Amino acid sequence: MANILIVGAGGREHALAWKLRQSPQVGRLYVAPGNAGTAAMATNLDIQPTDLPTLAHAARIERIDLTVVGPEAPLAAGLVDFFVRLGLVAFGPTQSAARLESSKVFAKDLMQRAGIPCARSRTFSDFAEAKGYVESQPVPMVVKADGLAAGKGVTVAQTKEEAVAALHAIMEEHVFGAAGSRVLVEECLFGWEASLLALCDGETVLPLAPACDYKRARDGDRGPNTGGMGSFSPPARFTPELTQQVKESILLPAVRALAKEGHPYQGVLYAGLMMTSEGPKALEFNCRFGDPETQVLIPRLEADLFDIMMAVVDRTLDKVQLRWRQEACVGVVLASGGYPSQYETGYPIFGLDDVEEGVLLFHAGTRTGEGGRVETAGGRVLTVAALGPDLALAREKVYRNIPRIQFRGRHYRTDIAAEER
Ligand code: AMP
Ligand code: GLY
């Protein structure tokens with residue numbers, strides 16, 4: 001039996017824990033730091049995801065056979081390199097391969113070297129130069145901070161003033177700190193968006209089922225960008241042929257270029273895509289499972305997740321075939337009032353046991369408070385997910401159950417999977 005440590009505290013990590021718990025090969029399961037949901041199926045360890053020495057210490061003490069890294073920060077901080085040096089096994093890319101997410105400039109340069117279709121762009125480290133360029137370009141245009149900014153570093157500017165304001169905030173006010181020392185200014189792409197995640201063992205690329213997520217806070221794709229307010233899988237327009245095309249034109253070239261340059265990519269590679277009239281183009285790469293995409297992909301996955309993760313680590317992914325349930329899955333995030341800006345936490349969550357059979361509650365910002373009651377502890381609190389024979393029925397099941405779960409200030413989008421995107 002294998003002992004597993006999952007690093008992270010979100011709905012993604014709860015979904016991974018839920019699936020790994022179902023594997024007959026998995027023994028003890030730990031999540032660091034986890035949440036009230038993971039506490040019900042695993043042992044939470046009070047260790048922060050970027051505290052690498054303490055995580056490694058715990059991995060040794062608890063005889064962990066595989067550490068699974070959820071979020072980007074520990075990957076960018078070099079968790080996998082650190083663990084491998086100590087002889088510990090970890091699922092995720094090394095620090096240098098994770099630059100695909102931790103530096104948008106690195107990712108864009110790599111896309112250009114590898115001939116990956118993407119938006120035309122220029123990189124700046126000087127505000128005056130960037131401003132001059134922005135003033136010469138047509139709108140809308142897209143301004144991106146180079147480094148990690150929790151999904152908030154991108155502005156799709158409708159006017160030049162808005163673009164200059166974004167540059168100013170990033171480069172002069174340093175709202176994202178060092179992540180903003182360089183910016184990308186990109187042409188705006190048009191089309192429909194979707195995500196394709198793939199398992200990679202350094203060489204073989206095995207796409208997961210496609211998914212769509214909803215980044216804006218409010219219905220109709222209005223309001224500020226968030227970490228993600230909901231998702232569904234599969235999008236009907238994302239045909240197997242399109243998956244193959246994205247694999248060949250975007251995922252494989254990225255993985256091959258990284259391998260050629262001495263940074264073989266092992267883990268999950270997430271491509272954020274815009275389906276344009278010229279075909280799929282890469283908007284961004286993430287170096288991990290998406291959140292909330294994972295909460296709708298994992299319930300559809302028919303295989304043993306432990307086997308799949310070991311095939312990535314052991315570089316035997318060429319022998320794996322994934323099978324997916326025909327059913328669709330929809331996930332809706334319940335967030336704290338005010339998220340993604342200021343919000344309050346510590347409110348009791350009611351009705352967690354009152355949902356219909358088959359409804360999956362993946363916890364994110366929750367903790368166990370006084371007397372064992374579950375209370376809110378973050379911006380995104382829960383993902384409510386359900387499978388259904390088709391998207392409409394899965395969606396109906398989710399929304400029918402949401403009113404049963406109550407906490408003060410709760411807000412959510414009512415249009416997840418409502419229409420084709
Ligand atoms: P990112 O964090 O890079 O995925 O960007 C966040 C969101 O900004 C994406 O999901 C897109 O909706 C949008 N976006 C990013 N780059 C572009 C682009 N070049 N053209 C149009 N929209 C974009
Ligand atoms: N859902 C977008 C992300 O995980 O970055």
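Higher on the page you've got the structure.
Presented here is a report on the structure given in the accompanying data block. Because the structure is a prediction, the values reported are computed rather than measured. (Residues numbered from 1 in each chain as written. Chains lettered and ligands numbered in written order. Predicted model: local features only at pLDDT ≥ 70, side-chain atom pairs only at ≥ 80, totals over all residues. Heavy atoms only, no water.)

## As for the overall build of the chain
This is how the line gets drawn: A run of H or I in DSSP becomes a helix once it reaches four residues, and a run of E becomes a strand once it reaches two; helices and strands are each numbered from the N terminus. Note on method: radius of gyration uses C-alpha positions; expected globular size equals 2.2 Å times residues raised to 0.38. Exposure classes here rest on a 1.4 Å probe applied to the protein chains alone. A residue is buried below 20% of its type maximum, exposed above 50%, and partly exposed in between. Calculation of accessible area relied on Shrake-Rupley with a 1.4 Å probe; when residues are assessed, cover is drawn exclusively from the protein chains displayed. When charges are tallied, Lys and Arg are placed among the positive residues and Asp and Glu among the negative ones, while His and the ends of the chain are skipped. By convention, the point assigned to a charge is CZ for Arg, NZ for Lys, CD for Glu and CG for Asp.
Within the chain one finds 13 helices and 22 strands. For 421 residues, the compact-globule estimate of 2.2 N^0.38 gives 22 Å, and the chain sits close to it at 21 Å. On the principal axes, the C-alpha backbone points of the chain span a range of 60 × 45 × 40 Å. The buried share among the 421 residues of the chain stands at 57%. Summing over all exposed atoms, the chain offers an accessible surface of approximately 17200 Å²; the carbon and sulfur share of this is 49%. Averaging the coordinates of the 44 positive side-chain charges in the chain and doing the same for the 50 negative ones gives two points 1 Å apart.

## Some thoughts on the site of ligand 2
Applicable threshold: Distances are taken per atom, and a residue is near a molecule or strand as soon as one of its heavy atoms is within 4 Å of it. Whenever a nitrogen or oxygen atom comes within 3.5 Å of another N or O atom, the pair is scored as a polar contact, on the condition that within protein one atom can donate a hydrogen and the other can accept it, and that pairs from neighbouring residues in sequence are kept only if both atoms are in side chains. Gly is put with the polar residues, along with every residue not named as nonpolar or charged; the nonpolar set is Ala, Val, Leu, Ile, Met, Phe, Trp, Tyr, Cys and Pro, and the charged set is Asp, Glu, Lys and Arg.
Residues in close proximity to ligand 2 include Asp 213, Gly 227, Tyr 270, Asn 286, Arg 288, Gly 290, Asp 291, Pro 292 and Glu 293, which together make up its full environment. Taking Asp 213, its side chain carries an N or O atom lying 2.7 Å from a nitrogen atom of ligand 2. A distance of 2.8 Å separates a nitrogen atom of ligand 2 from a polar side-chain atom of Glu 293. Protein contact buries 90% of the 200 Å² of open area that ligand 2 shows by itself. Partitioned by chemical class, the residues of the shell around ligand 2 number two nonpolar, three polar and four charged.

## Details of helix H12 (residues 305-313)
Restricting attention to buried positions, one finds in H12 the residues Leu 305, Phe 306, Ile 308, Met 309, Ala 311 and Val 312. Looking at the residues trailing H12, positive phi occurs at Arg 315, about 60°.

## A short note on the pattern of salt bridges
Defined as follows: Note on definitions: salt bridges are taken to be side-chain nitrogens of Lys or Arg within 4 Å of carboxyl oxygens of Asp or Glu.
Tallying each qualifying case throughout the model produces 23 salt bridges. Among the ionic pairs, Glu 186 bridges to Lys 108, the shortest N-O distance being 3.1 Å. In this pair, Glu 186 is assigned in strand S9 (residues 183-187) and Lys 108 in helix H7 (residues 104-114), connecting sequence segments 78 residues apart. The exposure class of Lys 108 is buried, given its relative accessible area of 3%. The salt bridge partner of Lys 281 is Glu 278, with a shortest N-O separation of 2.7 Å.

## Side note on the sheet that holds strand S5 (residues 90-91)
What counts here: By definition, two strands form a pair when at least two bridges between them are found by DSSP. We call two residues in contact whenever any of their non-hydrogen atoms come within 4.5 Å of each other. Note on geometry: axes are lines fitted to C-alpha atoms, helical ones only across the stretch in contact, with angles between N-to-C directions running from 0 to 180 degrees.
One open sheet holds the five strands; their spatial order is S3-S2-S1-S4-S5, and the pairing between them is parallel. On the outer flanks of this sheet lie strand S3 (43-44) and S5, each paired with one strand and no other. Note that strand S1 (residues 2-8) and strand S2 (residues 26-33) share six bridges and pair parallel. Residue pairing in the sheet places Val 7 in a bridge with Ala 32 of S2. Across the sheet, H12 touches S1, S2, strand S4 (66-69) and S5, and the angle it forms with S4 is around 95°.

## Re the nonpolar core
Keep this limit in mind: Nonpolar core, defined: a set of buried Ala, Val, Leu, Ile, Met, Phe, Trp, Tyr and Cys residues in which side-chain atoms within 4.5 Å join the residues together.
Of all hydrophobic cores here, the largest spans 77 residues; its most connected members are Leu 79, Leu 100, Phe 238, Leu 269, Phe 285 and Ile 405. The element that contributes the greatest number of residues to this core is helix H10 (residues 240-260), accounting for nine residues. Apart from the residues within four sequence positions on either side, Phe 238 is in contact with Trp 192, Ala 194, Ser 195, Leu 196, Pro 210, Thr 243, Val 246, Leu 273 and Met 275.

## Some thoughts on the packing of aromatic side chains
Using the following cut-off: Centres within 6.5 Å make a pair out of two Phe, Tyr or Trp rings, where for Trp the six-membered ring is used; the pair is then stacked when the planes are under 30 degrees apart, edge-to-face when over 60, and tilted otherwise. We call a charge positioned over a ring when the NZ of a Lys or the CZ of an Arg lies within 6 Å of the ring centre and within 35 degrees of the ring normal.
Going through the model one piece at a time under the given rule, you end up with seven aromatic pairs. Geometrically, the ring pair formed by Tyr 399 and Tyr 412 is tilted, given 6.3 Å between the ring centres and 40° between the ring planes. Taken together, the residues Tyr 399 in helix H13 (residues 391-401) and Tyr 412 in the segment after H13 connect sequence positions 13 residues apart. In this structure, Arg 237 is placed above the aromatic ring of Trp 192, and the distance from its NZ or CZ to the ring centre is 4.3 Å.

## Looking at the site of ligand 1
If you check the shell around ligand 1, you find 15 residues, and the closest are Lys 144, Glu 186, Leu 189, Glu 193 and Glu 284. Note that a nitrogen atom of ligand 1 is positioned 2.8 Å from one of the backbone N or O atoms of Leu 189. Protein chains shield 91% of the accessible area of ligand 1, which is 470 Å² for the free molecule. Elements that contribute at least two residues to the shell around ligand 1 include exactly strand S7 (141-145), strand S8 (154-157), S9 and strand S17 (279-286).

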